[in-house]
Amino acid sequence: MVEVYSDKAISGASLMRSGIQKLLLDAQGNAFDVVLSEALDRLSRNQADIAAIYQKLQFRDVMIETVNEGVISKMHIGLKGTMNSLFIKDLAIKTHRGLKGCALAGKSAGGKAFGYQNVIHYDASGEPIRGDRKIDPIEADVVRRIFTDYAAGLSPRKITEKLNEAVITGPTGRGWGTSTLHGIAPPNQSIKP
């Protein structure tokens, strides 16, 4: 059997990807005997995960071969797994430093913020200069209303009910939910409005 397993635009730092999960499931059913990949980090960048993938495939006598490294052995798993893990940590530090630099320069650190419009300027060579914003007057009125209601003692739930009753469009172009105001808590944490 020949099958293509793909996880486009999903971080290789996690095994919670449909493509890699399907590959592992098919391996349990002895659907193939070789996994071909561009590089080992395309399977996973997490050292423990790549070791687990390798071990599961080895148990089924499935060989891993990559364009960059050739046939994968335990040595590759140890060395490349460590290198890929360090790459992820280094990338996170660089990304955080870049976002912090944008914020310290008074620029947007990314994404669209309700109440603002992204503004793109161009440098002399025609390259976009990103990170500038200007206030969106209509959305800014909604933001002021939210803060006024909150300061008056209304809960996020009551504020969103009032916004929805007034048919005020939320950031997604649809109605409002309480998580739109206070976000979604990461696992094992709670957000106190």
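Higher on the page you've got the structure.
The notes below deal with the structure included here. (Residues numbered from 1 in each chain as written. Predicted model: local features only at pLDDT ≥ 70, side-chain atom pairs only at ≥ 80, totals over all residues. Heavy atoms only, no water.)

**Section: the overall build of the protein**
Line of reasoning, step 1. Summing up its helical and strand segments, the protein has six helices and five strands in all.
Line of reasoning, step 2. In the protein, the succession of helices and strands from N to C terminus is α-β-α-β-β-α-β-β-α-α-α.
Line of reasoning, step 3. Here the protein, with 193 residues, has 26% of them falling under the buried criterion.
Line of reasoning, step 4. Contacts in the protein between residues at least 24 apart in sequence constitute 45% of all its contacts with a sequence separation of at least 6.
Line of reasoning, step 5. Of the roughly 13200 Å² of accessible surface on the protein, 57% is carried by carbon and sulfur atoms. (Helix = DSSP H or I, 4+ residues; strand = E, 2+ residues; numbered from the N terminus. Buried < 20%, exposed > 50% of the residue type's maximum accessible area, 1.4 Å probe, protein only. Contact = heavy atoms within 4.5 Å. Areas by Shrake-Rupley, 256 points an atom, 1.4 Å probe, with all protein chains shown as cover.)

**Section: the pairing of strand 2 (residues 63-66)**
Line of reasoning, step 1. Residues of strand 2 alternate between two faces, with Ile-64 and Thr-66 buried on one and Met-63 and Glu-65 left unburied on the opposite face.
Line of reasoning, step 2. The β-α-β motif built from strand 1 (residues 34-37), the intervening helix 2 (residues 47-59) and the parallel element strand 2 has right-handed crossover chirality.
Line of reasoning, step 3. Taken together, the two bridges between strand 2 and strand 3 (residues 70-71) define a ladder with antiparallel strand orientation. Looking at strand 3, one finds that Glu-65 is bridged to Val-71.
Line of reasoning, step 4. Linking two consecutive strands that pair antiparallel, namely strand 2 and strand 3, is a turn of three residues. (Right-handed = clockwise from strand over helix to strand, strands pointing away. Pairing = 2+ DSSP bridges.)

**What about the sheet that holds strand 2?**
Line of reasoning, step 1. With mixed pairing, three strands are arranged side by side in an open sheet as 1-2-3. Of all strands in the sheet, those with a lone pairing partner are strand 1 and strand 3, marking the two edges.

**What to know about the pattern of salt bridges**
Line of reasoning, step 1. With the rule as written, the count across this model stands at seven salt bridges.
Line of reasoning, step 2. Salt-bridge contacts for Asp-132 lead to Lys-107; the nearest nitrogen and oxygen are separated by 2.7 Å. Placement of the pair is Asp-132 in strand 5 (residues 128-135) and Lys-107 in the loop between helix 3 (74-104) and strand 4 (116-122), with a sequence separation of 25 residues.
Line of reasoning, step 3. On the basis of relative accessibility, which here comes to 28%, the residue Lys-107 falls in the partly exposed class.
Line of reasoning, step 4. Taking the shortest distance from any N to any O, the salt bridge between Asp-141 and Arg-144 comes out at 2.8 Å. With a gap of three residues between them, Asp-141 and Arg-144 both fall in helix 4 (residues 137-151), about one helical turn apart. (Salt bridge = Lys/Arg side-chain N within 4 Å of Asp/Glu carboxyl O.)

**So, the packing of helix 1 (residues 18-28) against helix 2**
Line of reasoning, step 1. Two numbers describe how helix 1 lies on helix 2: the axes approach to 10 Å, and their chain directions differ by 25°. In terms of axis orientation, helix 1 runs roughly parallel to helix 2. Helix 2 is crossed by helix 1, and the crossing has left-handed handedness. Contact residues: helix 1 offers Ile-20, Leu-23, Leu-24 and Ala-27, while helix 2 offers Ile-53, Lys-56 and Leu-57.
Line of reasoning, step 2. Among the residues making up the contact of helix 1 with helix 2, the classes are represented as six nonpolar, no polar and one charged. (Axes fitted to C-alpha atoms, helices over the stretch in contact; angles between N-to-C directions. Parallel < 35°, antiparallel > 145°, perpendicular 65-115°, else oblique. Left-handed = near helix turned anticlockwise from the far one by under 90°. Nonpolar A, V, L, I, M, F, W, Y, C, P; charged D, E, K, R; others polar.)

**Quick word on unusual backbone geometry**
Line of reasoning, step 1. One non-glycine residue, Asp-61, lies in positive phi territory at about 60°.
Line of reasoning, step 2. Relative to the helices and strands, Asp-61 is located in the loop between helix 2 and strand 2.
Line of reasoning, step 3. For Asp-61, a relative accessible area of 66% gives the class exposed.
Line of reasoning, step 4. Even without a glycine there, the phi angle at Val-167 is positive, about 55°.
Line of reasoning, step 5. Tracing the chain through its elements places Val-167 in the loop between helix 5 (156-165) and helix 6 (178-182).

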